[in-house]
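In case you want the letters, here they are:
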Amino acid sequence: QVMSIANKPEAKQLSAPQEFRQRSTQIAGVLLRDWVGEERAREATGRIATALSASAAAAKNPQDFYDCTPQSIAKVIAISALTGIMVSTGQAALAYAIPRRPRKGEPPQLQYQLSHRGVAALAKRANLVLIAVPISIRDRVEVDDNSEVIVTERDFDNPPLSEEDLRGVLILVKSAATGICLAKGFVAKSVINVRRQQSDSYRFAEDPKNAWARDSSPWHKWYVEQSMKTAMHY
């Protein structure tokens, strides 16, 4: 059904954004009608189609969205509907829709990616609280016999503000009801930086001919904050 709807010829020639929104709306309608009924599907379809269109409009290259395979669009719609966390744009988004090409020359596929706020929102549903604590090279950290990370000394007045200052990020998982710490783990800077290499914006800004982009690149402008987000995902 998804394939037949997505590839249905149109009598009137639509612009790329119009065609993308129409295709997203049709796919969402087919998927959701069977799951939640006509009335709820109508509301969810509008929200999802609007969110996908906004994501495409905000992208550096909207055509990558418009060229995504119908199957990958359907997958993002399904995950958005099942989790109740819709894709959006900007720093406050809980989830993003991101086009990625699996191999050179192949059509892009739309991917659903939770932001660190989305990860925290899922944790909250389970009555858990996620806390990311950036650890400086000046702070003292020990590991006990159970591989439990213990911060024995921390300079609260001088938190890490740059890549040079950061040693890693301590992630705490607490019970929302009692405040008791249920688990914690340390994510080293080396682990974070490996994942930074997969960031398109970071690689783009690292190219000498694109040095101008470093003023707006999140990894260059907000390294510690990006590291906290990456550690939460990890």
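The text that follows walks through the structure, step by step, so that each part is easy to find.

Calculation criteria
- Each chain carries its own residue numbering, running from 1 in the direction its sequence is written.
- Local features in a predicted model are, by the rule used here, given only for residues with pLDDT of at least 70; side-chain atom pairs are given and counted only at 80 or more, and totals for whole chains, interfaces and linings are based on all residues.
- Only hydrogens and water are set aside when side-chain values are computed; all heavy atoms of the structure are taken into account.
- For salt bridges, the criterion is a side-chain nitrogen of Lys or Arg within 4 Å of an Asp or Glu carboxyl oxygen.
- Numbered from the N terminus, helices here are DSSP runs of H or I no shorter than four residues, and strands are runs of E no shorter than two.
- Two strands qualify as a pair provided that DSSP identifies no fewer than 2 bridges between them.
- Fitted lines through C-alpha atoms serve as axes, helices being fitted only where they are in contact, and the angles separating the N-to-C directions of these axes extend from 0 to 180 degrees.
- Each residue is placed in one exposure class: buried if its accessible area under a 1.4 Å probe, protein chains only, is under 20% of its type's maximum, exposed if it is over 50%, and partly exposed if it falls in between.
- In this description, the arc belongs to the directions extending from the helix axis to the C-beta atoms.
- Pairing of aromatic rings covers Phe, Tyr and Trp, the last through its six-membered ring, and needs centres within 6.5 Å; plane angles under 30 degrees mean stacked, over 60 mean edge-to-face, and all others mean tilted.
- For a Lys NZ or an Arg CZ to count as sitting over a ring, it must be within 6 Å of the ring centre and within 35 degrees of the ring normal.
- Think of a nonpolar core as a cluster: buried Ala, Val, Leu, Ile, Met, Phe, Trp, Tyr and Cys residues, connected wherever their side-chain atoms sit within 4.5 Å.
- In this description, contact between two residues means that some pair of their heavy atoms is separated by no more than 4.5 Å.

Overview of the pattern of salt bridges
Under the definition given, this model contains eight salt bridges. The closest approach of N and O atoms between Arg138 and Asp165, which form a salt bridge, is 3.8 Å. Here the residue Arg138 occupies a position in the loop between β3 (128-136) and β4 (140-143), and Asp165 occupies one in the loop between β5 (149-153) and β6 (166-175), the gap between them amounting to 27 residues. With its nearest N and O atoms 4.0 Å apart, the salt bridge here joins Lys184 to Glu148. One end of the pair, Lys184, is in strand β7 (residues 181-188); the other, Glu148, is in the loop between β4 and β5, and 36 residues separate them in sequence. Salt bridges linked by common partners bring Arg100, Asp200 and Arg203 together as one network.

Focus: the environment of Arg42
Tracing the backbone shows Arg42 in helix α3 (residues 38-58). In this structure, the C-alpha to C-alpha distance between Arg42 and Thr25, residues 17 residues apart in sequence, is 9.5 Å.

Notes on the sheet that holds β6
Reading across from one edge, β3-β6-β7 is the order of the three strands in this open sheet, with antiparallel pairing throughout. Each edge of the open sheet is held by one strand with a lone partner, namely β3 and β7. On average, adjacent strands in this sheet sit at an angle of 20° to one another, irrespective of strand direction. Of the pairings in the sheet, the one linking β6 to β7 comprises seven bridges and is antiparallel in character. From the neighbouring strand, Lys174 faces β7, where its bridge partner is Cys181.

Observations concerning helix α6 (residues 116-125)
Within α6, burial applies to Gly118, Val119 and Ala123. One face of α6 carries all of its buried residues, which in axial projection span an arc of 145°. Of the exposed residues in α6, those oriented more than 90 degrees away from the buried face are Lys124 and Arg125. Looking one or two residues past α6, Asn127 carries a phi angle of roughly 60°, positive in sign.

Topic: the packing of aromatic side chains
In total, this model carries four aromatic pairs according to the counting rule given. With a centroid separation of 5.9 Å and an interplanar angle of 80°, the aromatic rings of Phe204 and Trp212 are classed as edge-to-face. Judged by its relative accessible area of 58%, Trp212 falls in the exposed class. Through successive ring pairs, a cluster of aromatic residues spans Phe20, Phe65 and Tyr66. Between the NZ or CZ atom of Lys60 and the centre of the ring of Phe204, over which it lies, the distance is 5.2 Å.

Brief notes about the nonpolar core
Of all hydrophobic cores here, the largest spans 27 residues; its most connected members are Leu52, Ile73, Ile77, Val87 and Leu110. Tallying contributions element by element places α3 first for this core, with six residues. Setting aside anything within four residues of it in sequence, one finds Ile77 in contact with Ser24, Ile27, Ala28, Leu31, Ile48 and Leu52. Counting 12 residues, the second-largest nonpolar core is a separate cluster that includes Ala132, Leu166, Val224 and Ala231.

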